[in-house]
Amino acid sequence: MEPPLELVGISHKTAPIGVRECVAVSGARLAALLEQLADEADEAVVVSTCNRTEVYLVRPRRPALEIYRDHLGHYTDYAYRHRGLAALRHLFRVAAGLDSLVVGEAQILGQVKSGLFAARQAGTTGPISEQAFQTAIAAGKRARAETAIGRGATSVAYAAVDLARAVFGDLAGLRALVLGAGEMAERVLEHLAHYGAREVWVLNRTPENAEKLAGRYGGRACGMEHVAEALAWADIVIASAAAPHYVVRQSRVREVLERRTQPLFLIDIALPRNVDPAVARLPGAYLYNLDDLETVAEKNRAARAGELPRVERIVADELAGWMEWYAGHVAADRIQRLKAWIEDGLRRELEAALGGVARGEELERLVRRLSGKTAHPLIQMAKDPKLGPRLERMLEG
């Protein structure tokens, strides 16, 4: 019994960062997309992160691939599509950290929760998507509590700092510029401090947020208007700001490089990207993005290989539990419609046979008494996953 759930998505496994950047949605754009999807399906939830944008639809009114294309652009050559159990299994694996660039990352669980919350705010959830996402979150929590998949450093922020270590070796004495003051920037600073970086500068559009974050790590803080000065000072830039446009443009980096003798290394882990990709063409500038973290991610996957079968078993267990819930959900709906169908038929027949003899409350009591006796064997049939579909056809006919 396949649930009426469909998924269409694009991720780091199927699309380069330039494509993922185009389909990523958040804030007002996410709210607008959910409002549009409300007309396309009974229920809709969107999960959008730096490495994936996935649309989950319950009973879409036209092909899900068309819906994705029409609302998120003509990138379906990069898209994957799953239906029913396959869509559920994918969602549960995502929440458990199995499908992440950095296997076991903790942030994805919060991002799945955020997707569900945004859909609730937009009024596009329903019983199937609610139960699917709640069970996915439970699978993610179990994976991290019952296995070691999430232990240690498992995040894109750690992968970025590990890449910096591969470039510079010892980070002590390194002058690091961090763009942004959100959760990702905080994780970056945490890992930089752990590996000995003591000179840090945090830039953010809201200077007060930059000051709060930099203060915890003994760093400097400024608004984004000081980016040119900060670029001239830094050895390495790690960009993770939530900005709708390039914070670091090619022309600005060119001017900075003309005044310095050392190369500038930039690691852009933001989506949309913070650093203009054209910066990579400048002599003396070395730019990395999310797609360049694959080597670090592969090392992380190898370290957690022994935990993967245990997490897969948790996913399978939660999937079986969800299907048990779904069987009950379908039966409950079927039983309710069955009872209404029987009562309506009895009421019409009794009214025709008895005429004015029984009316109002007396007729309703008679209908309920007779329908209760008539419905019992059919209710047992409605609960049976093999016989239930036959009953569906009877009700529809």
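To be clear, the structure that these remarks concern was listed above.
Right, let's walk through the structure included here. (Residues numbered from 1 in each chain as written. Predicted model: local features only at pLDDT ≥ 70, side-chain atom pairs only at ≥ 80, totals over all residues. Heavy atoms only, no water.)

**Comments concerning helix H12 (residues 294-303)**
So, point 1. Of the residues making up H12, those classed as buried are Val 296, Ala 297 and Asn 300. Along the axis of H12, the buried positions cluster into a sector of 100°, meaning they face one direction only. In H12, the exposed residues that point more than 90 degrees away from the buried face are Thr 295, Lys 299 and Ala 302. (Buried < 20%, exposed > 50% of the residue type's maximum accessible area, 1.4 Å probe, protein only. Helix = DSSP H or I, 4+ residues; strand = E, 2+ residues; numbered from the N terminus. Arc of directions from axis to C-beta.)

**Topic: the sheet that holds strand S7 (residues 220-223)**
So, point 1. Here 6 strands make up an open sheet; going across it, the order is S7-S6-S5-S8-S9-S10 and the pairing parallel. Edge positions in the open sheet fall to S7 and strand S10 (285-289), since each of these has one partner strand only. Adjacent strand axes in the sheet meet at a mean angle of 20°, parallel and antiparallel pairs treated alike.
So, point 2. Bridge count for strand S8 (residues 236-239) against strand S9 (residues 264-268) is 4 bridges, and the pairing is parallel. Residue pairing across strands places Ile 236 opposite Phe 265, the latter belonging to S9. (Pairing = 2+ DSSP bridges. Axes fitted to C-alpha atoms, helices over the stretch in contact; angles between N-to-C directions.)

**With respect to the pairing of strand S1 (residues 5-11)**
So, point 1. Among the 7 residues that make up S1, 7 are buried, leaving the element largely enclosed by the rest of the structure.
So, point 2. Burial of S1 is two-sided: the residues Leu 5, Leu 7, Gly 9 and Ser 11 facing one way and the residues Glu 6, Val 8 and Ile 10 facing the other way are all buried.
So, point 3. Judged from the 7 bridges that link them, S1 and strand S3 (residues 52-60) form a sheet pairing that is antiparallel. In the sheet register, Gly 9 faces S3, and the bridge partner there is Glu 54.
So, point 4. Here S1 pairs with strand S4 (residues 80-83) via 4 bridges, running antiparallel.

**Remarks on the sheet that holds S3**
So, point 1. Pairing within the open sheet is antiparallel, and its 4 strands lie in the order S2-S3-S1-S4. The outermost strands of the open sheet, each flanked by one partner alone, are strand S2 (41-49) and S4. Shown here is a sheet whose adjacent strand axes are inclined to one another by a mean of 15°, direction ignored.
So, point 2. Looking at chain direction, S2 and S3 are connected through 8 bridges and run antiparallel. Counterpart to Val 46 in the pairing with S3 is Val 55.
So, point 3. In the packing of helix H5 (residues 107-122) onto the sheet, the strands contacted are S2 and S3, and the crossing angle to S2 comes to about 145°.
So, point 4. Taken strand by strand, helix H6 (residues 127-146) contacts S2 and S3, and its axis lies near 30° from that of S2. (Contact = heavy atoms within 4.5 Å.)

**Some details on H5**
Residues that lie three or four places apart on an α-helix share one face, since the helix turns once every 3.6 residues.
So, point 1. With 16 residues, H5 extends 23 Å between its outermost C-alpha atoms, agreeing within 8% with the 22 Å of an ideal straight helix rising 1.5 Å per residue.
So, point 2. Restricting attention to buried positions, one finds in H5 the residues Gln 107, Ile 108, Leu 109, Val 112, Gly 115, Leu 116, Ala 118 and Ala 119.
So, point 3. Considering only its buried residues, H5 is in contact with helix H2 (27-37), S2, S3, helix H4 (84-95), H6 and helix H8 (183-194).
So, point 4. Looking one or two residues beyond H5, the residue adopting positive phi is Gly 123, at roughly 75°. (Expected span 1.5 Å × (residues − 1).)

**Side note on the pattern of salt bridges**
Side chains that differ in sign of charge can pair as their charged atoms come close.
So, point 1. With the rule as written, the count across this model stands at 27 salt bridges.
So, point 2. Note that Arg 81 is salt-bridged to Glu 6, the shortest N-O span being 2.9 Å. A residue pair is termed long-range when its members are at least 10 positions apart, and Arg 81 in strand S4 and Glu 6 in strand S1 qualify at 75 residues.
So, point 3. We classify Arg 81 as partly exposed; its relative accessible area is 33%.
So, point 4. Its relative accessible area of 14% is what places Glu 6 among the buried residues.
So, point 5. Three or more residues joined by partner-sharing salt bridges are found here, namely Glu 40, Arg 62, Glu 66, Arg 69 and Asp 70. (Salt bridge = Lys/Arg side-chain N within 4 Å of Asp/Glu carboxyl O.)

**Let's talk about the packing of aromatic side chains**
So, point 1. A complete count under the given rule lists 7 aromatic pairs for this structure.
So, point 2. Their ring planes at 15° and their centres at 5.3 Å tell us that Trp 322 and Tyr 326 sit as a pair that is stacked. With Trp 322 and Tyr 326 both in helix H13 (residues 308-354) and 4 residues apart, the pair spans about one turn of that helix.
So, point 3. Judged by its relative accessible area of 1%, Trp 322 falls in the buried class.
So, point 4. Residue Tyr 326 is classed as buried on the basis of its relative accessible area of 6%. (Phe/Tyr/Trp six-rings, centres within 6.5 Å; stacked < 30°, edge-to-face > 60°.)

**Some remarks on unusual backbone geometry**
In most cases, non-glycine residues show a negative phi, while peptide bonds are predominantly trans.
So, point 1. Cis geometry marks the peptide bond from Leu 271 to Pro 272; its omega dihedral reads 0°.
So, point 2. A positive phi angle, near 50°, is found at Arg 59, a position not held by glycine.
So, point 3. Structurally, Arg 59 can be placed in strand S3.

**A word on the side chain of Asp 268**
So, point 1. Relative to the helices and strands, Asp 268 resides in strand S9.
So, point 2. Within the structure, Asp 268 has its side chain in polar contact with the backbone nitrogen of Ala 270 (distance 3.1 Å).
So, point 3. A polar atom in the side chain of Asp 268 sits 2.9 Å from the backbone nitrogen of Asn 274.
So, point 4. Leaving out residues up to four positions away in the same chain, Asp 268 has contacts with Ala 239, Arg 273, Asn 274, Val 275, Leu 287, Tyr 288, Asn 289 and Leu 290. (Polar contact = N/O pair within 3.5 Å; in protein donor to acceptor, adjacent residues only side chain to side chain.)

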